[in-house]
Every structure is written in structure tokens, then in C-alpha cells.
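Below are the chains, spelled out letter by letter.
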Amino acid sequence: MTHSRIVITGMGMVSPLGCGVDKVWQRLCQGQSGISAIERFDVSDFPIKIAGQVPDISQDPEAGLDADVLLSAKERKKLGLFTIYAMAAAEEALAQANWFPDNEADRVATSTIIASGIGGFPTITQAKETLDNKGYKRISPFTAPAFLANLAAGNLSIKYGFKGPLGTPVTACAAGIQAIGDGVRMIRSGEAKVALVGGAEACIDPLSLASFHALKALSGDNDTPEQASRPFDASRNGFVMGEGAGLMVIETLEHALARGATPLVEISGYGTSADAHHITSGPPDGAGAAQSMRAGLAMAGIEANQLNYINAHATSTPVGDRAEVAAVRTLCGDEARQIPISSTKSATGHLLGAAGGIESIFTAMAVINDQLPPTINLKTPDEEMTDLDLVPGVSRQTQVDHALCNGFGFGGVNATLILSKLQ
């Protein structure tokens, strides 16, 4: 069966490295880190003191988030922070794609699929504190709409008048890629002609950090925040929580060309699978992850040895990184040694439900620019990975025709995207 070719025509990003795809990509390839000491709440007696926080315009005049330009203070009080991040990323993506439909047919043909792993979690914890200290009468009527995970998608749909299918995968750290995959499916099925897709997350909060700390999943390297996220390194000891949003506009190549848009990259493949193994970790052999990658390659119609780059999910946890490497070896065999693999989480931390959106954009930029983003902080590779090309420390120029991006999440969910250079 022949399917329409799906392309990206716009991308937008809010991240710990700043806001704006081009500026963030430049900083990523320069080996900069977005991890820093937590400043939003008192962590003096807290075990975790670092995170990948989105800088505001006062902290980063060149690429910080200027919330005052985006929304009024009154409007911001009604929204969860993850929604505000999504709105900033959407504005950039839609502007690049020049997709602001002014007729009913185009509005109905536009889908909005924005993932989130947890949604407005800080809104919930802050509301509980208000309830306990001040009583139920002080709870804002906007509390529930601010924390519901689907309200990033809902608010974007309302703002831009998009009346096509509306959705929110809440599949932990695979959610961002699944949102893109859902958009691809909707366009191929004819349910939509254009889709705004990706993920948003803002969960840097005492309770979420304490919860992941209880799982022994977070790095406690509080004294060296910029070095704390070190995927594949023998000394890695957990991930660093990050936040942000990565959104893209996707449509068929035919539709893009007909309206004069510029196709950037082709989404040639998508795959997803379940481990059916454990609530927080995949099997050591990475069988489910390998199946997800296999499905993505099958849709793309390419073989594993045609991949020029893999943006790994690799969060910097010992178990997770090893399982993903095992999956890549299962998929690629001896060719695994020839395929460059890096983890951009080394620079941003782990953005949970937003990770797939942002990392898919990083992967798209690798294809567009024929440039591999580095794995920073990689000094001594895990002994099981010494034969692999993990792009340590320094970005590299090389031809990238096909690239793969992975996202894996609690519950055993796996998702893979294949991005290809337009031929």
C-alpha cells in the first residue's frame, strides 16, 4: 500500500538550553549544558538540588522565555506551566510553517496532539497546600483546567481555532514521540491534513523530585550540575529532571508544496511497542525497544544499516542505557559499531513527556544540517559500550540521510521515529 509522504514544515522549542530551535541547536552542538541549581523553591534540606530549568528572559536575555510577551499575567494564572511552554513552542512552529488557517475547512482539517507525562503537576501540589493552609474557599476555579494533561492541546486548539482531532498521549517518557506518531496516522487515514504535534512538561516540583528520588532514579550530583547528566558513562548514577516543550507542524508533502510551505524533513517511519515486563524498567535485552525500532524501520522501508544517526533515549540511568544499547545491537548486529549514537539528554536532562518532542526536533536538525549533536560529559564509556561511536563531547559534521529517535516510558511503552532527508 502506498502512503502519502509526511513532512515537517515548522518546529518550535522551549528547553533548558533556551527557547527557539536555532539558538538551542547552536548551544547543543557547542556542548553547553542546561542543568543548574534549582531556584524555584527552597532545596536547602532537599536531597535533589539540580534540574534542567527553562530560563526566563532575565536569566537569558538572548534566548530566555519572555512570558510577558506571550501572555498577560492574568492569563498565565489560569494555565499550568506546561501549557505556557506549549504555547511558546507552538507560536514558533506555526510561524515557521505559516499555518494560520482562516477558513472552516482548514480549521477542521487541523489536528492538535500534544503529549504530557504528568501535565500540571505543580498546580496540584500548590493547590493542596492552599487547601490545607487556607481552606477550600481559596481554591481557584481554574485549578482543574490548569492541571489536566489535555489542556495544553485544548488551549492551543482554542487559541488557533483548530477543530480537527484533539488528543494527548499520557504515556510517560514515550508520550512526545507517540503524539507525533498519532499525528502521522491521522494524516494518513484522512482524519486530518495538518497536525500540530509534540510534547510539553513542567514537573520540577518537590513532590515529583522526591518521588523519582525514592525510586533511586535521579542523580544526586548537586555540586556539579552541568556534569550530572552523563548517559553511557561508567560513572552515571541517574537522570536529571528537565522541562520544556517541543512541537512541530506536520502535513503531507503534497499539501505543503501546494500551499507554498517549505518541507524541512520527512517523517518516514514510526513504530511503537510494549515490553509487558515491569512498571519502571524494560527487559535487560531491550526486546521491546528493538521491536519498536524494527517497526519504525519497516514503515520507513529502510534497513538498520542505512541509519546515519541514532538519538538515543538514554537518560543516564545504568539499567536503562544498557537495555537500549542491547536493543540497538539486536537490531543492527555488527553494524551497531558504525552508527553514531548520542544522547542529547546529557545537555537538557530528561524532559519526561516533552523529551520525544524536543529530541525529535534535535534529530530533524541533525538531518537538516548533516551534524551530530554530542553526548557531553562522556569521559569513560560503560565497559559494555566501548566499541560504540557515542559522539563524546564534540559535535561532528557528517552526511545524515536517515536518523532514528527513541522514547521509552514507565509501564513498558516504547516509541521510535525515523526522520529522513527529503530526496
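Our subject is the structure that appears above.
Residues numbered from 1 in each chain as written. Predicted model: local features only at pLDDT ≥ 70, side-chain atom pairs only at ≥ 80, totals over all residues. Heavy atoms only, no water.

A. Quick peek at the packing of helix α13 (residues 287–300) against helix α14 (residues 318–332). It is at 8 Å that the axes of α13 and α14 come closest, and there the two elements cross at 45°. By the angle between their directions, the pair α13 and α14 is classed as oblique. For α13 against α14, the interelement crossing comes out right-handed. Between α13 and α14, the contacting residues are Ala289, Ala290, Met293, Arg294 and Leu297 on the first element and Ala327, Val328, Thr330 and Leu331 on the second. Taken together, the residues that form the contact of α13 with α14 break down as 7 nonpolar, 1 polar and 1 charged. (Axes fitted to C-alpha atoms, helices over the stretch in contact; angles between N-to-C directions. Helix = DSSP H or I, 4+ residues; strand = E, 2+ residues; numbered from the N terminus. Parallel < 35°, antiparallel > 145°, perpendicular 65-115°, else oblique. Left-handed = near helix turned anticlockwise from the far one by under 90°. Contact = heavy atoms within 4.5 Å. Nonpolar A, V, L, I, M, F, W, Y, C, P; charged D, E, K, R; others polar.)

B. Highlighting the pairing of strand β14 (residues 402–409). Within β14, 8 of the 8 residues are buried, leaving the element largely enclosed by the surrounding structure. Alternating positions in β14 separate into two faces, His402, Leu404, Asn406 and Phe408 on one and Ala403, Cys405, Gly407 and Gly409 on the other, with burial throughout. In this sheet, β14 lies alongside strand β10 (residues 309–311) in parallel orientation, the contact comprising 3 bridges. What sits directly across from Ile310, in β14, is Leu404. (Buried < 20%, exposed > 50% of the residue type's maximum accessible area, 1.4 Å probe, protein only. Pairing = 2+ DSSP bridges.)

C. Region of interest: the packing of aromatic side chains. Scanning the model with the defined rule gives 5 aromatic pairs in all. Between the aromatic rings of Trp25 and Phe362, the centroid separation amounts to 6.5 Å while the plane-to-plane angle is 40°, which identifies the pairing as tilted. With Trp25 in helix α1 (residues 21–29) and Phe362 in helix α16 (residues 355–369), this residue pair connects regions lying 337 residues apart in the sequence. Taking the relative accessible area as the measure of exposure, Trp25 reaches 6% and is therefore buried. Ring centres of Tyr160 and Phe162 lie 5.6 Å apart, and the angle between their planes is 20°; this geometry places the pair in the stacked category. (Phe/Tyr/Trp six-rings, centres within 6.5 Å; stacked < 30°, edge-to-face > 60°.)

D. Just the nonpolar core, in detail. Judged by nonpolar contacts, the single largest core of 50 residues is most densely connected at Ile8, Met11, Met248, Ile250, Ile267 and Leu419. Take this core: its biggest share by element is 8 residues, from α16. Ile250 has contacts with Ile6, Val7, Ile8, Ile180, Gly183, Val184, Ile187, Lys193, Val194, Ala195, Val197 and Ile267, leaving out every residue within four places of it along the chain. Formed by 32 residues, the second largest nonpolar core is a distinct cluster that contains Ala88, Ala97, Ala152 and Val194. (Core = buried A, V, L, I, M, F, W, Y, C linked by side-chain atoms within 4.5 Å.)

E. Quick look at the pattern of salt bridges. If you walk through the whole model with that rule in mind, you get 21 salt bridges. Salt-bridge contacts for Asp382 lead to Arg236; the nearest nitrogen and oxygen are separated by 3.1 Å. Placement of the pair is Asp382 in the loop between β12 (371–372) and β13 (396–397) and Arg236 in the loop between α11 (225–228) and β8 (244–252), with a sequence separation of 146 residues. Judged by its relative accessible area of 3%, Asp382 is buried. The class for Arg236 is buried, based on a relative accessible area of 5%. Ionic contacts of the salt-bridge type, sharing partners, join the residues Arg236, Asp321, Arg322, Asp382 and Glu384 into one network. (Salt bridge = Lys/Arg side-chain N within 4 Å of Asp/Glu carboxyl O.)

F. Structural detail: the side chain of Glu201. With respect to the secondary-structure elements, Glu201 resides in strand β7 (residues 194–201). No salt bridge is formed by the buried Glu201, whose closest oppositely charged neighbour, Arg40, lies at an N-O distance of 11 Å. Here Ser116 takes part through its side chain, which lies 2.9 Å from a polar atom of the side chain of Glu201. In this structure the side chain of Glu201 is engaged in a polar contact, spanning 2.8 Å, whose partner is the backbone nitrogen of Gly353. Not counting residues within four places of it along the chain, the set of residues in contact with Glu201 comprises Phe82, Tyr85, Ser116, Gly117, Ile118, Gly119, Glu243, Gly244, Leu351, Leu352, Gly353 and Ala354. (Lys, Arg positive; Asp, Glu negative; His and termini not counted. Polar contact = N/O pair within 3.5 Å; in protein donor to acceptor, adjacent residues only side chain to side chain.)

G. Expanded view of the environment of Arg294. Here Arg294 is to be found in helix α13. When residues no more than four places from it in sequence are discounted, the contact partners of Arg294 are Thr330 and Leu331.

H. Region of interest: unusual backbone geometry. Of note in the backbone geometry, Asn98 takes a positive phi value of approximately 55° without being a glycine. With respect to the element layout, Asn98 can be found in the loop between α4 (81–97) and α5 (104–108). For Asn98, a relative accessible area of 55% puts it in the exposed group. At Ser316, a residue that is not glycine, the phi angle is positive and equals roughly 95°. If you trace the backbone, Ser316 turns up in the loop between β10 and α14. Residue class for Ser316 comes out buried when judged on its relative accessible area of 0%.

I. A look at the environment of Pro340. Note that Pro340 resides in the loop between α14 and β11 (341–342). Sequence spacing of Pro340 and Leu307 is 33 residues, and the spatial spacing of their C-alpha atoms is 8.9 Å. Leaving out residues up to four positions away in the same chain, Pro340 has contacts with Asn308, Tyr309, Ile310, Leu372, Asp389, Val391 and Arg396.

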